[in-house]
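Architecture at a glance
Take a look at the letters that make up each chain.
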Amino acid sequence: MKKTSTRLADGRELIYYDSRDDAVRSAQDQRPLPQSETLSELRYDQVLDEWVVVAAHRQGRTYHPPADECPLCPSRDGRLSEIPESDYEVVVFENRFPSLAPHPHPEQVQATPPQVIRPGAGRCEVVCFTSDHDASFADLTPAQVGTVLEAWTDRTAELSTLPGVEQVFCFENRGAEIGVTLGHPHGQIYAYPFVTPRTERMIDAAAAFHRRTGRNLFEEQLDAERRSGERVVVEGEHWTAFVPFAAHWPYEVHLYPHRRVGDLRALNDAERAEFTHLYLDLLRRFDLLFAPEGELPEPSDRTVNRTPYIAAWHQAPVRHTPGNGSELALHMELFTIRRTVGKLKFLAGSESGMDVFINDVAPEDAARRLREVMP
């Protein structure tokens with residue numbers, strides 16, 4: 001893989017990832033952009049013991065532009081975009097409207113409890129999976145997925161070295177139902193200046209489980225699902241995808257490597273190679289869930305029937321110290337908010353107000369459906 005770093009007109013970093021070593025990336029951003037400015041701040045919620053990001057400047061971000069004005073397509077035919085080159089494989093760049101930024105205003109500090117404010121330091125990046133505007137991640141080849149995986153891994157390594165970064169989160173939101181405002185196939189990476197509440201809960205649960213049993217929680221979960229097989233969707237030599245016993249979402253799949261590792265950097269070549277095939281298989285099963293007559297529509301019609309989803313990588317925090325049984329195992333969670341054709345799972349009173357999920361689909365039924373949709 002070849003990595004080429006450059007700067008956009010407003011100073012943001014952009015990185016090309018190419019499978020070919022002879023790829024040349026020399027185009028310059030010709031847009032007259034002002035220097036980017038971020039007014040993000042962190043406010044401490046003392047009641048819940050967690051941080052909230054306030055980023056009011058993001059109200060003006062690009063919102064559902066027409067395809068011929070997509071900022072994630074290559075710059076060509078006289079139209080300039082976020083990517084200066086006329087074509088690309090995978091591109092990562094600093095978000096123009098970030099929730100967190102490397103150089104927030106230092107005056108955004110208030111340390112008088114209960115009203116504690118910190119600068120919104122961190123980094124938010126956009127990952128463009130392909131230059132094809134009408135494609136989807138499921139349309140990529142295994143080789144293309146491999147390049148995306150290399151980009152995720154490289155960004156995890158680089159962002160983990162930034163001062164103040166405590167956790168790196170790679171994810172993809174797909175579909176207008178999820179809230180995506182750009183149709184081009186892309187994901188994001190957040191480098192947080194704190195460990196997220198979800199991760200802290202998992203680490204605490206793992207430590208408590210180890211105290212009770214002497215075993216690792218995540219290994220136990222994976223082993224139990226593999227032994228049972230009832231909720232396993234697809235299994236390879238190095239990875240297993242299963243619907244968790246207490247799934248929160250109508251169709252939710254967790255994808256684990258069989259060998260416990262803390263983050264993407266620790267995956268070996270065999271694990272990386274198998275992931276590219278198994279993950280594509282999983283995404284295609286998701287697209288078949290709600291397709292008419294159980295068949296994938298033609299490529300030109302796929303934007304109509306694609307299943308909306310969130311794909312989230314869970315990695316160990318940057319400064320997490322193993323040794324007390326709280327080790328977090330790398331895994332991906334893939335889920336959709338669609339519960340059946342034409343109906344969504346809304347987070348209403350119980351979920352939004354009390355964090356108590358009510359699932360409309362039995363996990364065993366979801367796993368069986370995901371197994372059966374693939375011929």
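Everything numeric in this text was worked out from a predicted model, so none of it was measured.

What follows is about the packing of helix α2 (residues 197-213) against helix α3 (residues 217-228). Two elements in contact, α2 and α3, have axes separated by 8 Å at closest approach and are oriented at 85°. It follows that α2 is roughly perpendicular to α3 by the angle criterion. Contacts between α2 and α3 involve Met202, Ala205, Ala206 and Phe209 from the first element and Leu217, Phe218 and Glu220 from the second.

A few words now on the nonpolar core. Ranked by size, the top nonpolar core spans 53 residues in total, and within it Phe137, Trp152, Phe275 and Trp313 carry the most contacts. Broken down by element, this core gets its largest block of residues, eight residues, from helix α4 (residues 269-288). Every residue in contact with Trp152, bar those within four places of it in the chain, is listed here: Phe129, Phe137, Cys170, Ile189, Leu264, Phe275, Trp313 and Met332. In terms of nonpolar packing, the next biggest core, distinct from the first, is built from 13 residues, Leu8, Leu14, Val91 and Phe93 among them.

In this section: the pairing of strand β12 (residues 239-242). In regular strands, side chains alternate between the two faces of the sheet. Alternating residues of β12 divide into Trp239 and Ala241 and Thr240 and Phe242, and every residue in both groups is buried. Inspection of the sheet shows strand β11 (residues 232-235) paired to β12 by three bridges, in the antiparallel sense. Bridging across to β12, Val234 finds its partner in Ala241. The loop that links β11 with its antiparallel partner β12 comprises three residues. In this structure, β12 lies alongside strand β13 (residues 251-257), joined through four bridges in antiparallel fashion. Within β13, the position partnered with Trp239 by the bridge is Pro257.

Another aspect to go through is the packing of aromatic side chains. One pair of aromatic rings is described through two measures. These are the centre distance and the angle between the planes. Overall, the coordinates contain 19 aromatic pairs when judged by the stated rule. Joined through ring pairs, the aromatic side chains of Phe129, Phe137, Trp152, Trp239, Phe275, Tyr279 and Trp313 make up one cluster.

Attention shifts here to the sheet that holds strand β4 (residues 50-54). Across the sheet, which stays open at both edges, the four strands sit in the order β4-β3-β7-β6 with antiparallel pairing between neighbours. Edge positions in the sheet fall to β4 and β6 (110-112), since each of these pairs with one other strand and no more. Direction aside, the axes of adjacent strands within the sheet are offset by 30° on average. Across three bridges, the pairing between β6 and strand β7 (residues 115-119) is antiparallel.

Take the packing of helix α1 (residues 142-159) against α4 next. Here α1 crosses α4 at 115°, and the two axes come no closer than 9 Å. Considering the relative orientation of α1 and α4, their crossing is right-handed. For the pair α1 and α4, contact is made by Pro142, Val145, Gly146, Leu149, Glu150, Trp152 and Thr153 and by Arg272, Phe275, Thr276, His277 and Leu280, respectively. Grouping the constituent residues of the contact of α1 with α4 by class yields six nonpolar, four polar and two charged.

Taking burial as the measure, the six residues of strand β8 (residues 123-128) include six buried ones, the bulk of the element. Residues of β8 alternate between two faces, with Arg123, Glu125 and Val127 on one and Cys124, Val126 and Cys128 on the opposite face, all of them buried. Looking at chain direction, strand β5 (residues 90-94) and β8 are connected through four bridges and run antiparallel. Note on β8: the bridge partner recorded for Val91 is Cys128. Bridging between β8 and strand β10 (residues 186-192) involves six bridges; their strand directions are antiparallel. Bridge pairing in β10 links Val127 to Gly187.

This next bit is on the environment of Leu33. Inspection of the secondary structure assignment puts Leu33 in the loop between β2 (13-18) and β3 (41-45). The class of Leu33 is buried, set by a relative accessible area of 16%. Expressed as a C-alpha distance, the spacing of Leu33 and Leu8, which sit 25 residues apart in the sequence, is 8.7 Å. Setting aside its immediate chain neighbours within four residues, Leu33 contacts Ala9, Asp10, Arg12 and Arg96.

Along the chain, the position of Ile337 falls in the loop between β15 (331-336) and β16 (338-340). Overall, Ile337 belongs to the buried group, its relative accessible area being 12%. Beyond its immediate stretch of four places on either side in the chain, Ile337 contacts Glu177, Ile178, Trp249, Pro308, Leu344 and Lys345.

Cut-offs used in this document
- Residues numbered from 1 in each chain as written.
- Predicted model: local features only at pLDDT ≥ 70, side-chain atom pairs only at ≥ 80, totals over all residues.
- Heavy atoms only, no water.
- Axes fitted to C-alpha atoms, helices over the stretch in contact; angles between N-to-C directions.
- Helix = DSSP H or I, 4+ residues; strand = E, 2+ residues; numbered from the N terminus.
- Parallel < 35°, antiparallel > 145°, perpendicular 65-115°, else oblique.
- Contact = heavy atoms within 4.5 Å.
- Core = buried A, V, L, I, M, F, W, Y, C linked by side-chain atoms within 4.5 Å.
- Buried < 20%, exposed > 50% of the residue type's maximum accessible area, 1.4 Å probe, protein only.
- Pairing = 2+ DSSP bridges.
- Phe/Tyr/Trp six-rings, centres within 6.5 Å; stacked < 30°, edge-to-face > 60°.
- Left-handed = near helix turned anticlockwise from the far one by under 90°.
- Nonpolar A, V, L, I, M, F, W, Y, C, P; charged D, E, K, R; others polar.

This is a description of form; function is not addressed.
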